[in-house]
Every structure is written in structure tokens, then in C-alpha cells.
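# Topology and contacts: notes
Here is how the chains run, residue by residue.
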Amino acid sequence: MVGVVASGLVIAMAVGFSAWCARERSLRRTHPMAGGAHTEIQLPHTAEFELYHNDFSLCSKKIRMCLAELGAPYLAHHVDLIETGGYETLSRRFLAVNPAGLVPVLVHNGHPVYESHEILAYAAEHAASAASLTPVDAAARAVMQQWIDRSSLIGDEPMKALEATAGNCVPGLTVPLFTAMMRDIPVHRIVEGLLFHRLKMRPMGFLAFKLLGLSRIGAFGPVRRLIVSSRAEMVRHLAALEGQIEQSGGAWITGSEFTLADVSWAVIFERLQEACWAEALLTPGLQAYWSRLRARPSYNEAMTAHRHPFVSAGADRIREEIARRGDLAAVYAL
Ligand SMILES: N[C@@H](CCC(=O)N[C@@H](CS)C(=O)NCC(=O)O)C(=O)O
């Protein structure tokens, strides 16, 4: 009799859970969104510019730095990613802003603008600002665009095109930090991603990082290969960047003028530091460029002032793991 009641209860719970999942899925529909401004969408807003962003997100840092450089005021809405606590990007409230479930989103007079490399150009064009982050000279503008493209994080599976951009190498190089940060995240938060994320590989990756932990991640073949190839391609992109800065004859990528291209690369340097790669990957020439970037007030405003406590704790854990001289140390020392 007890067995029958128990089975009935289990079945009832399973049916209830499936019904809840089905209902939630229908309420949290996700799909990709094209980059650029969507004037056909009108969102509730109270400020001319509103930014949906995350402290840790690479692409959000880019937009914060751009807006800081432009001196453009905006209303900020912080949205958690799994790395900083949970999938707020999959909440109904945020999916109304971006059905792709990704940050950053700049909302201008209620119209969302998607894809950080496109938001950069949009903000520079539409913010009333004394600063110009776009050269007047067409040739310099083309150089700027080329280096924005080479630093961007492109597509749903950036890790499949590491040779295309330095931004695409960032997720692989961030795997140790993701893994360290997952220690603070309960498994059920990752399960929410498995249920509702449109790109299942992402929550599956985070679950694997959590289960493996820092001590085992460096020995796990697929992850090790991803980190090693991301590192090799990043080194190639950085060498090209150094060549470009030398050739420009100025302090910045296009020459003497600080542009959106420098903003776009600044966030890559910041991530290399957060994930403990800066020392291994930056030559003296690039260190000098990075010092110039850090000296700008916008760098502090957009990045240092937004350093998330999980990032600092994660970096400490990576350094401890490297000091143990295990498999991860070998990956960093390659
Ligand atoms: N290509 C997009 C990438 C956006 C993106 O991947 N954003 C990440 C944070 S940097 C995100 O929202 N991830 C949430 C998730 O995948 O669950 C851009 O440049 O804006």
C-alpha cells in the first residue's frame, strides 16, 4: 500500500514538473536577434539611454567603457549571468528586452540595440558628446573597423572560429575562471540553464566545469585542447595588434587618436588579467599599451569599479591551483 502511494506521489510530481517546464518554456521563448537597432520594438523606459549589462561580461564592459568615454549618462540595469549568481538572462523580464537572452543591450528611447560591436558604433553616433571616438579620415575609420572586428565576440559558437577574432579566443581562455567561479554557484542554478537556455552547450559546459573543478580541468582533453588552441590564436592576434600599434606611429590603434577600436581591445586585456593570463601573454610593448588604456578614467569607471567579488575569488583560486603545479599549471606555462 505504502509502495503504491509513493509511486503515485512520484508520478504526480513528475507530471507536475513536466507541466511547469512546458508552461515556463512557452513563457520564456528564446531566439537569436539580429544585431543593430530595432526601431520596431518599443520597451518601457525612463531614460534616453538604458543599459542592460553584467559586471563580469566582456561585451558589457565594452559598452560601459564606450559610454564613459562619451560621457553619456545612462540608467543601468544589472542582469546576472550564471557566473555571477544565476540565469537572470533567462527571466521573463529580461527576455522581453532581449529574446536571445544575452547582454549587453543598449536601449535608446525605448528601442533596443543588440550586439556589442554594433552598439559601439550606435552609441558613438547617437550620444550627444564632445568626444569623438570615430576618426573623420575614411582610411583611419576603416582601420578602426578592422580592429573592432578582430576583437569582437561573434556568433553563438565563437570557439569554432578562434582564428577569426581575439574576442572568440576569450571564452576558451576564461574556462579556468569560469570553473573557479562555479564553486560559488549551486547546481540547481545551472539546471535552470539546462531547462531554458537556447544554447544548451553553454549550461552543459558550466555543469562540467563545476563537476570537474580546477584541479581536474587542465587534464580533461577537450577542455585542455580548447584552452591551448585559444591561447595559441590569442598570441597570434596580440602579435598582429602590437604590429599595428607600432605601424600606427601613435599611442593607439589608428595612431594618435583614441577610438572605438581601443575600447574594444581594452576589455580583452582586462579579461586576460582577470583570468590570470596577462603575465604569460603580454609582451612589454603590449604591457605599455595596456598601461595607457588603464590610465584612462573610463577604464576604471567601466571595469575596475565593477570588479565582481566572484572574479577576485576565482582569480585567487586559479593562482593557488597554479602554485600546486598540477595540470592547470602546465596549461598556463605552455
Ligand atoms: N556577440 C554578442 C555576444 C553576447 C554574449 O555572448 N554575451 C554574454 C556575456 S559576454 C551573455 O550574455 N551570456 C549569457 C549566456 O550565454 O547565458 C555581443 O557582442 O554582444
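Note that the structure is a prediction, hence the values are computed from the model and not measured.

### With respect to the overall build of the protein
In terms of helices and strands, the protein carries 16 helices and five strands. Relative to the compact-globule value of 20 Å for 334 residues, the protein shows a C-alpha radius of gyration of 21 Å, a close match. Buried positions account for 50% of the 334 residues belonging to the protein. Considering only contacts in the protein between residues 6 or more positions apart, those separated by 24 or more positions represent 75%. Here the protein has roughly 14800 Å² of accessible surface; of this, 59% comes from carbon and sulfur atoms.

### A few points about the pattern of salt bridges
In total, this model carries 15 salt bridges according to the counting rule given. Each of Lys61, Glu270, Arg271, Glu274 and Arg307 takes part in a single network of salt bridges with overlapping partners.

### Here's the deal with the domain arrangement of the protein
Once the domains are mapped, the protein shows domain 1 (36-126) and domain 2 (138-333). Across the contact, 27 residues belong to domain 1 and 41 residues belong to domain 2. Of the roughly 3000 Å² buried at the junction of domain 1 and domain 2 (both faces included), carbon and sulfur atoms supply 69%. Looking only at domain 1, the three residues that lose the most surface to domain 2 are Leu58, Met65 and Tyr87, adding up to 23% of its buried area.

### Here we look at the packing of aromatic side chains
Evaluation of the coordinates by the stated rule reveals 13 aromatic pairs. Through pairs of rings, three or more aromatic residues link up here, namely Trp252, Phe258, Phe269, Tyr289 and Trp290. The aromatic ring of phenylalanine 196 is capped on one face by arginine 28, whose charged end is 4.1 Å from the ring centroid. When the ring centre of phenylalanine 258 is taken as origin, the NZ or CZ atom of arginine 296, which lies over that ring, is 3.6 Å away.

### Section: the pairing of strand S3 (residues 75-78)
Of the strand pairs in this sheet, strand S2 (residues 49-53) and S3 are connected by four bridges, and their pairing is parallel. Residue pairing for S3: glutamate 50 is matched across the bridge by leucine 75.

### Things to note about the site of the ligand
Residues in close proximity to the ligand total 14 residues, the closest being Glu115, Ser116, Leu153, His197 and Arg202. Within the contact set of the ligand, an oxygen atom lies 2.7 Å away from a side-chain nitrogen or oxygen of histidine 197. Contacts to the ligand include arginine 202, whose side-chain N or O atom sits 2.7 Å from an oxygen atom. Elements represented by at least two residues in the shell around the ligand include exactly helix H2 (58-70) and helix H4 (116-126). Residue classes in the shell around the ligand are distributed as eight nonpolar, four polar and two charged.

### A closer look at the environment of leucine 27
With respect to the element layout, leucine 27 can be found in helix H1 (residues 2-27). For leucine 27, a relative accessible area of 35% gives the class partly exposed.

### Topic: helix H10 (residues 221-248)
Since there are 3.6 residues in each turn of an α-helix, residues three or four apart along the chain are aligned in direction. Across its 28 residues, H10 extends 40 Å between first and last C-alpha, which sits within 8% of the 40 Å expected from 1.5 Å per residue. Glycine 249 sits one or two positions beyond H10 and adopts a positive phi of about 75°.

### Comments concerning the sheet that holds strand S4 (residues 105-108)
With respect to topology, five strands assemble into an open sheet ordered S1-S5-S4-S2-S3, the strand pairing being mixed. Whereas interior strands pair on both sides, the edge strands pair on one side only; in this sheet they are strand S1 (36-37) and S3. Lying on the sheet, H2 is in contact with S2 and S4; it crosses S2 at an angle near 150°.

Thresholds, definitions, all that
- Residues numbered from 1 in each chain as written.
- Predicted model: local features only at pLDDT ≥ 70, side-chain atom pairs only at ≥ 80, totals over all residues.
- Heavy atoms only, no water.
- Helix = DSSP H or I, 4+ residues; strand = E, 2+ residues; numbered from the N terminus.
- Rg over C-alpha atoms; globule rule 2.2 N^0.38 Å.
- Buried < 20%, exposed > 50% of the residue type's maximum accessible area, 1.4 Å probe, protein only.
- Contact = heavy atoms within 4.5 Å.
- Areas by Shrake-Rupley, 256 points an atom, 1.4 Å probe, with all protein chains shown as cover.
- Salt bridge = Lys/Arg side-chain N within 4 Å of Asp/Glu carboxyl O.
- Domains from an automatic or database assignment.
- Buried area = accessible area lost by both parts, 1.4 Å probe.
- Phe/Tyr/Trp six-rings, centres within 6.5 Å; stacked < 30°, edge-to-face > 60°.
- Lys NZ or Arg CZ within 6 Å of the ring centre and 35° of its normal.
- Pairing = 2+ DSSP bridges.
- Near = heavy atom within 4 Å.
- Polar contact = N/O pair within 3.5 Å; in protein donor to acceptor, adjacent residues only side chain to side chain.
- Nonpolar A, V, L, I, M, F, W, Y, C, P; charged D, E, K, R; others polar.
- Expected span 1.5 Å × (residues − 1).
- Axes fitted to C-alpha atoms, helices over the stretch in contact; angles between N-to-C directions.

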